[in-house]
Amino acid sequence: MSELLSDLNSAQRAAVTAADGPVLVIAGAGSGKTRVLTTRIAYLLEQGLSPSQILAFTFTNKAARQMQARVADSVGDERAPFWIGTFHATGARILRTHADALGLPRDYAVYDADDQKRLLKRVLADLQLDPRQFTIAGARQAISAWKNADTDADQALTAAVGYIDAVHAKIYRAYQEALRSCRAFDFDDLILETVHLLEQHAPVREQYASRFHHVLVDEFQDTNPLQLLLVRLLSSVHGNVFVVGDDDQAIYGWRGARVENMLEFETLFRGTQIFRLEQNYRSLGNILDVANAVIARNLRRKGKSLWTTAERGDPVQVEEHLDAEDEAARLVEIVQAEQARGRPRGDIAVLYRTNAQSRLLEEALRRAQVPHQVVGNVQFYERREVRDLLAYLKLIANPADEVSLQRVVNRPRRKIGETTVVRLLACAREHALPVGDLGARPDLLAEALGQAAARRVTAFLDQLAVWRRAAASQMPVPDLLAAVLHDIDYETFLQADEPETAAFRQENVAELVNDVHAFAEASSGGDLGQYLEQTALVSDQDAMTNGEGAVRLLTMHTAKGLEFPVVVVTGCEDNLLPHASCSDTAAGVEEERRLFYVAITRARQRLYLLYACRRRRFGAYEDSLPSRFLQDVPDRLCERRAGRDAWPQPVARSLFGAADLESTGAGGARGRRPERSPGSRPAADKAPAPRSRLPRAAAAPRTPAATRAAGDQWAEDVVQTPAYYPGQHVVHASFGAGQVVRVEGSGATLTVTVDFAEHGRKHLLPRFAPLHPVD
DNA sequence: GATCGATGATTTTTT
DNA sequence: ATCATCGATC
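Not measured: the values here are computed from a predicted model.

1. A word on the sheet that holds strand β1 (residues 23-27)
Pairing in this open sheet of 6 strands is parallel, and the strands run β3-β2-β6-β7-β1-β8 from one edge to the other. Of all strands in the sheet, those bounded by a partner on one side alone are β3 (83-86) and β8 (273-277). Each neighbouring strand pair of the sheet contributes to a mean axis angle of 15 degrees, computed without reference to strand direction.

Now the structure itself:
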């Protein structure tokens with residue numbers, strides 16, 4: 001035990017060893033928050049608690065896995081299997097366990113954002129609302145807000161103020177009915193229904209609340225009222241609630257999170273002990289002071305100031321670029337310069353406010369042959385063919401899943417069109433039967449459909465029934481998927497459907513097959529329901545592997561909880577950061593400032609803050625101004641510079657001096673760059689060597705591709721796909737270590753054949769499969 | 001029922 | 001600029 005605590009500072013140790021009862025740990029960025037949490041769990045275990053008496057909530061599945069692994073490291077594997085997961089995963093687990101007893105459907109589906117959208121689309125169409133006035137996104141937002149406030153549709157209708165609200169409430173009701181008749185829960189339901197379960201069924205509540213002697217919550221500042229309620233219910237017997245958070249990093253207000261959960265914690269839980277962690281172990285001094293200076297501008301905060309004993313480090317680099325394309329080009333330079341200094345690519349993270357920004361950055365990196373990984377965004381599970389196949393599996397698991405049925409009923413083509421589907425669904429609804437089971441009722445089908453349509457539908461439903469029987473008799477998920485693929489002859493369909501992309505799609509299918517196999521191996525006999533649940537609940541961050549070797553591109557939100565030696569924040573511009581849609585309220589701007597603070601505090605050693613003077617929006621250039629937050633970056637901590645040739649000034653504000661307003665210029669040329677203010681460094685002279693002052697090593701950076709190409713291992717498209725080569729040692733997240741056998745295709749269709757030590761030969765798409773070179 | 005071209009929205013962040 | 005959806009056509 002003493003070794004457990006020996007590496008902690010006194011504040012951390014006090015928190016870890018706190019006596020029973022409610023505990024609030026206010027943990028600044030980089031102050032060892034995760035460590036305190038894991039050590040606390042290990043400490044409790046060493047105090048004699050059984051793992052089954054501990055429940056912990058994390059923000060992502062990845063964090064859950066890491067935390068479990070770290071605890072296992074310090075106390076041994078056999079003591080480690082405590083309950084840990086996201087609120088959603090934990091809710092799903094509890095619901096699944098008690099479904100039968102409560103009359104809930106046992107094989108309920110979990111609807112993700114896409115399923116939810118499709119269902120809402122149908123609901124909106126059924127209600128015949130003006131699609132201009134009532135959008136899917138608007139309705140979804142309203143419904144989610146109600147659910148997070150534990151308000152049902154009837155309550156929402158009663159409390160509705162005004163027409164829009166009232167219609168949204170009606171949509172809510174219709175949506176909820178549709179969801180239930182599909183035997184599906186959406187993300188919010190996973191928590192809401194769990195709360196209802198515990199509230200309404202005292203025995204179940206007692207069971208969990210007495211079982212869990214300690215409940216711990218990470219990222220507490222981003223919990224919503226429902227999640228808080230769940231925590232209270234689960235800890236209602238023992239009252240040992242240990243929460244860790246940072247009010248300065250609350251960035252999920254827009255989806256119902258309430259910092260107040262944290263700020264009011266001590267009034268909610270009597271006798272709360274509070275600990276503050278303010279020593280930062282992550283960032284060098286300049287970076288930390290910039291972060292402190294920025295966040296100090298927020299008025300609504302508990303207030304803390306992080307300190308460090310680390311050296312100052314380099315000044316933070318603040319750079320102006322002409323446009324987003326230039327910014328992207330500069331990013332490539334930065335990456336190459338960092339590499340030239342011996343920095344692994346995996347040390348570098350690129351952050352942005354919106355996903356849309358990633359495309360340009362990604363393109364620039366691809367052109368420059370810099371291996372990179374976009375974390376989140378277009379997920380593997382969101383590929384169309386992958387979603388199609390998952391929809392088949394979902395429909396097999398749950399015949400009432402109308403959204404999935406709609407998705408696959410005519411894919412491959414079975415000549416079952418829109419009209420037929422509408423009639424089919426109406427029929428199912430009318431007789432309160434799962435649509436997938438209608439095959440057993442030829443009488444109803446004959447009644448609802450024409451003869452030809454009924455025949456085709458019957459053929460499809462019969463096929464479905466065969467798969468269902470196979471699944472019911474415990475056919476392993478990989479076999480089931482193989483059966484589906486064979487029976488629908490998906491390969492032929494892909495070929496016929498779109499020959500140009502068939503090969504690419506085929507590989508996605510192969511990757512899904514791999515994924516299913518990996519699941520089967522990892523879970524040893526996990527059933528279909530578990531697999532589907534897992535695919536529904538993956539988060540953006542989960543897709544980020546620990547492997548080295550790729551520059552990471554991710555949103556600032558996704559970056560929460562992570563750290564990188566080098567961070568490049570792009571698009572530090574007003575209307576982007578703070579985002580235009582958040583700029584009209586003080587609270588909105590404060591949340592955006594916290595987001596900027598989160599971005600800054602991800603950096604350990606070097607930090608770049610980039611902005612562009614103009615940027616395309618919907619295709620056309622629009623002028624942009626430096627983020628107002630950049631004004632809060634103290635001059636003494638940073639170097640401000642312009643990266644490229646002289647360019648027309650944006651209209652008003654610039655970091656380079658106040659003279660801008662006068663330099664509006666005439667005609668086409670909008671004036672030239674003004675003189676630098678005394679405090680800031682000049683960047684480019686007007687001389688034609690503007691980049692020479694940029695922080696880049698003098699020697700031309702050598703890319704790995706350039707080096708390896710000499711080996712002549714490469715096919716002709718070596719230029720496009722430099723990252724993998726035969727003989728190379730790689731690591732895959734599920735399959736472990738292996739060696740590359742063959743590299744085919746390029747760009748998006750790049751396929752790598754790998755012999756894995758423990759899993760044999762697999763074909764992989766590095767674009768989706770997390771495959772990392774072992775340097 | 002499928003296909004093609006025109007049209008309009010899209011870019012806030014996510015479990 | 002790109003994507004999804006819609007309508008007209010086969």
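2. A look at the packing of aromatic side chains
Each aromatic ring pair is specified by the distance between its two centres and by the angle formed by the two planes. Within the structure shown, the criterion is met by 15 aromatic pairs. Between F596 and F629, the aromatic rings sit 5.9 Å apart at their centres with planes inclined by 20 degrees, giving stacked as the arrangement. Taken together, the positions of F596 in helix α27 (residues 586-600) and F629 in the loop between β15 (620-623) and β16 (638-642) put the pair 33 residues apart, joining distant regions of the chain. Taken as a pair, F596 and F629 share a single burial class, namely buried. Among the aromatic residues, those joined into a ring-pair cluster are F59, Y252 and W254. For R93, the ring lying beneath its charged end belongs to W83, and the centroid distance is 3.7 Å. R616 extends its terminal NZ or CZ atom over the ring of Y621, reaching a point 4.4 Å from the ring centre.

3. Examining the protein's contact with DNA strand B
Around DNA strand B there are 29 residues in total, and R353, N355, R413, G417 and H579 lie nearest to it. H88 places a polar side-chain atom, nitrogen or oxygen, 2.9 Å from a base oxygen of DNA strand B. For DNA strand B, a phosphate oxygen lies 2.7 Å from a polar atom in the backbone of G417. With 3 residues, helix α20 (residues 418-430) is the single largest residue contributor to the surface near DNA strand B. Along the lines of polarity and charge, the residues of the surface near DNA strand B split into 8 nonpolar, 14 polar and 7 charged.

4. Here we look at unusual backbone geometry
Residue R411 is joined to P412 through a cis peptide bond whose omega torsion reads 5 degrees. Among the secondary structure elements, P412 is positioned in the loop between α19 (402-408) and α20. Even without glycine at this site, Q369 takes up a positive phi of about 60 degrees. Even without being glycine, F618 reaches a positive phi, approximately 50 degrees. Looking at where F618 falls in the secondary structure, it is placed in the loop between β14 (603-617) and β15.

5. With respect to the packing of helix α23 (residues 477-488) against helix α25 (residues 499-523)
Relative orientation of the contacting elements α23 and α25 amounts to 155 degrees, with a least axis distance of 8 Å. With respect to their mutual orientation, α23 and α25 come out roughly antiparallel. In this structure, α23 uses V477, P478, L481 and L485 to contact α25, whose residues at the interface are V509, L512, V513, V516, H517, F519 and A520. Partitioning the contact of α23 with α25 into residue classes produces 10 nonpolar, 1 polar and no charged.

Conventions and cut-offs
The numbers attached to residues start from 1 for each chain and follow its sequence in the written order. Each chain takes a letter, starting from A, and each ligand takes a number, starting from 1, following the order in which they are written. For a predicted model such as this one, the threshold for reporting local features is a pLDDT of at least 70, and the threshold for listing and counting side-chain atom pairs is 80 or more; totals across whole chains, interfaces and linings nevertheless cover every residue. For the side-chain quantities, the full set of heavy atoms in the structure was used; hydrogens and water were omitted. Here a strand pair is declared whenever DSSP counts at least two bridges between the two strands. A run of H or I in DSSP becomes a helix once it reaches four residues, and a run of E becomes a strand once it reaches two; helices and strands are each numbered from the N terminus. Interaxial angle, 0 to 180 degrees, is taken between N-to-C directions of lines fitted to C-alpha atoms, where a helix line uses only the stretch in contact. When two rings of Phe, Tyr or Trp (its six-membered ring) have centres within 6.5 Å they constitute a pair, described as stacked for plane angles under 30 degrees, edge-to-face for angles over 60, and tilted for the intermediate range. Here the term buried applies to any residue with accessible area under 20% of the maximum for its type, exposed to any over 50%, and partly exposed to those in between, with areas from a 1.4 Å probe on protein chains only. In this scheme, Lys NZ or Arg CZ marks a charge over a ring once it lies within 6 Å of the ring centre and within 35 degrees of the ring normal. Proximity is defined per residue: any heavy atom of the residue falling within 4 Å of a molecule or strand makes that residue near it. Counting of polar contacts relies on pairs of N or O atoms within 3.5 Å, with two restrictions inside protein: one atom must be capable of donating a hydrogen and the other of accepting it, and residues adjacent in sequence are counted only when both atoms are side-chain atoms. All amino acids are sorted into three groups, where Ala, Val, Leu, Ile, Met, Phe, Trp, Tyr, Cys and Pro are nonpolar, Asp, Glu, Lys and Arg are charged, and the leftover types, Gly among them, are polar. Should an angle lie under 35 degrees it is considered roughly parallel, over 145 roughly antiparallel, and from 65 to 115 roughly perpendicular; all remaining angles are considered oblique. In what follows, a contact means two residues having at least one pair of non-hydrogen atoms within 4.5 Å.

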